[in-house]
Amino acid sequence: MAPNLDREAEHIKEKARKDLLALLESVRGKKNVVFSKELPGIVGLFVGFSVLREYGVEKVFVLENGNTDSSQRNIIYIVDGEDVATVQAVAGQVKQLQRNGNVEHEVTIAWVPRRTLLSNKILEDEGVLGDVNVQELQIFFLPLENDLLSLELQNGFCELYLDGDRSPVYVASRALMQIQQRHGLFPRILGKGDNARKLANLLVRARKELDADEANTPYTTMPSTSIESLIVIDRDVDFATPLLTQLTYEGLIDEFVSIKHNKAEVDSSVLGAGSQSRPPQGSTTIAPTSVSTRQSLKQTIQLDSSDPLFSELRSLNFALIGPSLSKLARRLESNYEGRHTANDINSLREFVNKLPGYQSEHKSLAIHTNLADDLTKYTRSETFNRELEVQQNIAAGADPIYQHDTIEELIARDVPLPNILRLLCLESTISGGLRAKDLDTFKRQILHAYGYQHLLTLDCLEKMELLQSRSSASALLLPVGGGAPSATGTKTNYGHLRKELRMIVDEYNEQDPDDVSYVYSGYAPLSIRLVQCILQKSYLQQLHKSPLPLTPSSTGWAGFEDILKSAKGPTFNIAQKPNDERVSKAKSALAGSGGIKYVFVMFLGGITCAEVAALRFVAKKLRDGGQRRKIIICTTGIVSGRSIMESLIQSETLASGIKAA
């Protein structure tokens, strides 16, 4: 019997935990562990530091800090094997350890998620390959939630669309192949975009390689009976959505303070004066003593389904957070008042048993009330509302020229550069570029206001086709609905798709939404509409003003082929056939047709918290409609307009690379 997909997240965590602990156990005695910068947060998703101590780990260091303790004989580097700078830093530290000479070190390097030829070559060139033990720690998908699997590739967006590095596509194919090896082939692979097509090709190729391998599992020879399909969406099909400000509670937190690996760093005042707890066991954090120092510190809060209140609030439009918190506060107050009605021993015992739960809820309520208060100050600021107004006007198709005065005013008021670039890139993406003279004007103003080092920033944006003039060659490649199938290099025609897929919803109910547009207060993300073209055909038919060529038996992209020609990149639908039709039919007959079918939705290049909320909303609508379907969301990482722009902005000055004579 195939493993249960409901427990897939638990299985992935347990496998990652076992693999890491097996690596530590393979090095006898006490040891120090050195992680690359992002890995401590990733490892924290499936194992605690106290467990590492049980396996002989004395101290943990971050590679980029360069402060590794050389007094310990055994040193294990657990680092990203895809990043050249990281590999070079490891080689440099190993050479430094060898030069110290006080202790004969035994160095182990574990590349995450895989060992590459490039990493081997760098170690060989540095002369340390023969002096270290090299392994790989195959950590691919990590469950952020039971329905959300992420590769947590922090540079995945830039690698794909700036550097032209397809490594994230390959890593995604390895991760998805692991799922196929456990549960069977995806019966159908559908997708949109150039990188999506490359991923599908890699999956088909990997399946052929397994077919030629005598050691393959029975699950890789026939389609899964519990999985319905894999839908792959390339981020560059819809660059506009992450550039818009997310308006769900979780999305705004990500925009405001940034969420990484289900954790956010907030001001200690958000946790309240009584939350100054001692640091975790094994932590090197020194507890501050003065009140003024405490209030200036950042503290980490957990933001996932382990907090029932956050789980309830995360997908709501921010306008509903205040009333929801107020309602919970009244309920808690009523629960506490129950102690006055406890007239006998049994009633009192029942109240005391419930008290820890009330106290936990009370603590969570205090945190989210303070956090929501900070977010409210942010959302009520004049700058935020001016930016939001510009975004929504551009998304709705208003003439962007009338927004330029507001953008110029924001530049003059020294609004942070990422906010300005988001507005300009949004206009360029949706309108097919800016007028040449307007683009030149904005470039000049940005360089004068923020510094000439941002010539490099603007060059990056132009290279990615996020910011360009309408006269550029790529901007002129806007496909027209009903024309020839869109080819590589064309742009998404938001004007046509906005009308055909009704991406702007003027009237929506925030209290009880009936459309995914609530996550952006009236804008339905194109990426989610593409998924709905497969999963909610009848609903989109209702939204469409003219009849679509749909039949009750329509599957895949059927009925939307002409509309999808206006979106960038190829559209594909691949059916994976079994090696033995008779065995497959017998297996399907035994499995029956009444079980839950799982749909995997893979976002290459990243997904926003608001899009995750929208997909969960789609899944809920499918359940409410009586469809036995569940959606499992997969992605290369969680992104936002803020994180995208910050990764592209060049902070160095132009003179920083000039050496003195």
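With an unreviewed UniProt entry as reference, the protein is termed Vacuolar protein-sorting-associated protein 33, source organism Neophaeococcomyces mojaviensis.

Below, the discussion takes up the sheet that holds strand 9 (residues 227-234). Sheets are built from strands paired through backbone hydrogen bonds, the pairs being either parallel or antiparallel. Overall, mixed pairing links the 7 strands, which are arranged 6-7-15-14-9-8-13 in an open sheet. The sheet terminates laterally at strand 6 (142-145) and strand 13 (571-575), the two strands that pair on one side only. Looking at each pair of strands side by side, their axes are set apart by 20 degrees on average, direction ignored. With 4 bridges joining them, strand 8 (residues 188-192) and strand 9 adopt parallel strand pairing.

What follows is about helix 10 (residues 249-256). Two residues of an α-helix separated by three or four positions point the same way, owing to the 3.6 residues in each turn. Most of helix 10 sits inside the fold, with 7 of its 8 residues counted as buried. Taken residue by residue, helix 10 has Tyr249, Glu250, Gly251, Leu252, Ile253, Asp254 and Glu255 as its buried positions. Phi turns positive one or two residues past the end of helix 10, at Ser258, with a value near 75 degrees.

In this structure, Ile78, Phe141, Phe600 and Met602 are the most contacted members of the largest nonpolar core, which totals 144 residues. The dominant element in this core, judged by the number of residues it contributes, is helix 26 (residues 609-624), at 9 residues. Beyond its immediate sequence surroundings of up to four residues, Phe141 is in contact with Ile12, Leu149, Ser150, Leu151, Ala175, Leu176, Ile179, Met602, Cys634 and Thr635. Membership of the second largest hydrophobic core comes to 27 residues, among which are Val270, Phe310, Leu328 and Phe384.

Considering the arrangement of structural elements, one finds Asn32 in strand 1 (residues 31-35). With residues near it in sequence (within four places) discarded, Asn32 still touches Glu58, Lys59, Phe61, Asp69, Gln72, Asn74, Ile75 and Ile76.

Closest axis-to-axis distance for the helix 4 (residues 84-100)/helix 5 (residues 117-125) pair is 9 Å, and the angle between their directions is 35 degrees. Seen along the crossing, helix 4 lies across helix 5 with a hand that is right-handed. Judged by residue contacts, Val84, Val87, Gln88 and Ala91 of helix 4 engage Leu118, Ser119, Ile122 and Leu123 from helix 5. In the contact of helix 4 with helix 5, the residues fall into 6 nonpolar, 2 polar and no charged.

About the criteria used
Residues numbered from 1 in each chain as written. Predicted model: local features only at pLDDT ≥ 70, side-chain atom pairs only at ≥ 80, totals over all residues. Heavy atoms only, no water. Pairing = 2+ DSSP bridges. Helix = DSSP H or I, 4+ residues; strand = E, 2+ residues; numbered from the N terminus. Axes fitted to C-alpha atoms, helices over the stretch in contact; angles between N-to-C directions. Buried < 20%, exposed > 50% of the residue type's maximum accessible area, 1.4 Å probe, protein only. Core = buried A, V, L, I, M, F, W, Y, C linked by side-chain atoms within 4.5 Å. Contact = heavy atoms within 4.5 Å. Left-handed = near helix turned anticlockwise from the far one by under 90°. Nonpolar A, V, L, I, M, F, W, Y, C, P; charged D, E, K, R; others polar.

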